[in-house]
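# Report on the structure
One-letter residues, chain by chain:
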Amino acid sequence: PFLAAYDTRGKEMDHIDWIDFATMERFMVDVFVGLGVPRHEAEICADVLITADKRGIDSHGINRLKPIYYDRIKEGIQLPVTRFEILREGPTTAVTDCHNGMGMVASRRSMEMAIDKASRFGMGMVAVRNSTHYGMAGYYPIMAAEKGMIGITGSNARPSIAPTFGIENMLGTNPLVFGIPTDEDFPFVIDCATSTTQRGKIEVYARKNKKMPDGWVIDRNGETTSDPHAALKALIDGTAALTPLGGIGEDGGGYKGYGYATVVEILCAALQAGNFLKALSGFENGRKVPYGLGHFFMAIKVEAFAELPKFKKTTGEILRALRSSKKMPGQERIFTAGEKEHDAWLYRKDRGVPVNAPLRKDCDAMRKAMNLWQFKFPWDGEPGAAT
């Protein structure tokens, strides 16, 4: 039962169409190519997005294609061709520059560099500057886990989070992500923001006209609101902010989320002399400008510390012990990070990507603008479909 709800991430269940992964991935590749992204780089971008859809992370899959990449390239604040430059490099480290190109392209190449360095020297770390949204953060640690390594990444983002005891949005949602190989069918992957919630989740509550929990958003008076419509408007005009992981003040541990968000900000900005805090707003003198985000990627070779099979077995035993521990009354399962995503893949692998009404509209708009009529969608012929 949890899969039915999880599969649409809380979106309206009025009507969902399914498109097989291969078709959706080809569509995304052709949209990127139509925007001027070289085909081999378009394939990287589409792979990052479709991986999110396969894992049930709809907020970072095809849903992101139009508003985050298509629209920004059209607006001129993101470049379709990535000029990937290595600014400085050592045996285990490097700093690279994306030059406002495709963040997914620069990020994959940077993680590949970190993995290569780790394979030779035990550890590798690469920091990236002048980048753009890099998609599902967990994609990159998974790359390392598939090579028998521990992968770590973080990214800063446009200001959203207020510091503990503050009311101004200063820090981004700044994910801090780990991927660890196990002896199970899937790696341990913890992929989450350092805020209590994200803007996308508030949008879900707004579409449902449903009150959101108190403590997610605070206004300039330090008061919280449960009205998602008011919260979204206030977040846009800068009169509200998200709370850090742990919530308002210190009683719930909000200082922990604030602290970790700051760690990510430092590693993504100071380490590569890039933009930080308000400079990541995407605006300058009232006009839209590139975000200039920063990321970091780390790879740790397990075999530099222990035998890989033994490490995987111990990791798996830890996870299985956690899942088999005593449950709260009324609860059927205890999960470990990456398990729900694996379950989503098992559920979706023969179904594909779920497409709701807003996403159908986006797909139709991009298909029409790019003249990609070779792609036929399940809803073609329905009222409102592009013709």
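Reading the values: the criteria
- Position numbers for residues count from 1 along each chain, tracking the sequence in the order it is written.
- A pLDDT threshold of at least 70 governs which residues receive local features in this predicted model, and a stricter bar of 80 or more applies before side-chain atom pairs are shown or counted, although totals over entire chains, interfaces and linings include all residues.
- To obtain the side-chain values, all non-hydrogen atoms of the structure were included, while hydrogens and water were left out.
- Numbering of helices and strands runs from the N terminus, with a helix taken as a DSSP run of H or I at least four residues long and a strand as a DSSP run of E at least two residues long.
- Helix span is expected to be 1.5 Å times the residue number reduced by one.
- The cut-offs for exposure are 20% and 50% of the maximum accessible area for each residue type, with area from a 1.4 Å probe on protein chains only; residues under the lower value are buried, those over the upper are exposed, and the others partly exposed.
- Arc, as used here, means the arc of the directions from the helix axis to the C-beta atoms.
- As used here, the term nonpolar core means buried Ala, Val, Leu, Ile, Met, Phe, Trp, Tyr and Cys residues forming a set that is joined through side-chain atoms within 4.5 Å.
- Note on definitions: a residue-residue contact is assigned when non-hydrogen atoms from the two residues lie within 4.5 Å.
- Throughout, the protein atoms alone are placed on a 1 Å grid, and a set of points is a cavity if a 1.4 Å probe fits but cannot get out or a pocket if it is open with protein on both sides within 12 Å along at least five of seven lines; lining residues have an atom within 4 Å of a point.
- Grid points are joined across faces, edges and corners, and a volume is the space filled by probe spheres set on the points.
- When residue character is reported, Ala, Val, Leu, Ile, Met, Phe, Trp, Tyr, Cys and Pro are called nonpolar, Asp, Glu, Lys and Arg charged, and the others, Gly included, polar.
- When DSSP finds two or more bridges between a pair of strands, those strands are recorded as paired.
- Axis lines are fitted through C-alpha atoms, for helices just across the contact stretch, and the angle between N-to-C directions can take any value from 0 to 180 degrees.
- By definition here, a salt bridge exists when the distance from a side-chain nitrogen of Lys or Arg to a carboxyl oxygen of Asp or Glu is within 4 Å.

## Topic: helix H10 (residues 308–323)
Its 16 residues place the ends of H10 23 Å apart at the C-alpha level, agreeing with the 22 Å of an ideal helix rising 1.5 Å per residue. Within the sequence span of H10, burial applies to Leu308, Thr315, Gly316, Leu319 and Arg323. Taken around the axis of H10, the buried residues stretch over an arc of 100°, which confines them to a single face.

## Details of the nonpolar core
Counting 61 residues, the largest nonpolar core has Met24, Phe27, Phe32, Met102, Met104 and Tyr140 as its most contacted members. A total of eight residues in this core trace back to one element, the largest contributor, which is helix H5 (residues 103–121). Excluding residues within four positions of it along the chain, Phe32 makes contact with Val37, Ala42, Cys45, Ala46, Leu49, Leu65, Tyr69, Met102 and Met104. Ranked by size, the runner-up nonpolar core spans 15 residues in total, among them Leu171, Tyr205, Met212 and Leu242.

## Some details on the layout of surface pockets
One number sums up the size of the second largest pocket: a volume of about 320 Å³. Surrounding the second largest pocket, 15 residues form its lining, Thr51, Arg55, Ile142, Glu146 and Pro187 being those nearest its centre. If you list the elements that add at least two residues to the lining of the second largest pocket, you get helix H3 (39–54), helix H6 (139–145) and helix H11 (339–348). Residues belonging to the lining of the second largest pocket are distributed by class as follows: six nonpolar, three polar and six charged.

## With respect to the sheet that holds strand S7 (residues 188–190)
Pairing is mixed in the open sheet, where seven strands are placed in the order S2-S3-S4-S12-S5-S6-S7. Bordering the open sheet on either side are strand S2 (85–89) and S7, each of which pairs with just one other strand. Between one strand axis and the next, the sheet turns by 15° as a mean value, whatever way the strands run. Direction of pairing for strand S5 (residues 149–155) relative to strand S6 (residues 176–180): antiparallel, over a ladder of four bridges. Bridging across to S6, Gly154 finds its partner in Leu176.

## Considerations on the pattern of salt bridges
Pairs can form between side chains of opposite charge whenever their charged atoms are close. Evaluation of the coordinates by the stated rule reveals 23 salt bridges. In this structure, Asp116 and Arg120 form a salt bridge, with 3.0 Å as the shortest nitrogen-oxygen distance. Taken together, the positions of Asp116 and Arg120, both in helix H5 and four residues apart, correspond to about one turn of that helix. When salt bridges with common partners are traced through the structure, they connect Asp183, Glu184, Arg320, Arg323, Arg333, Glu339 and Asp343 into a single cluster.

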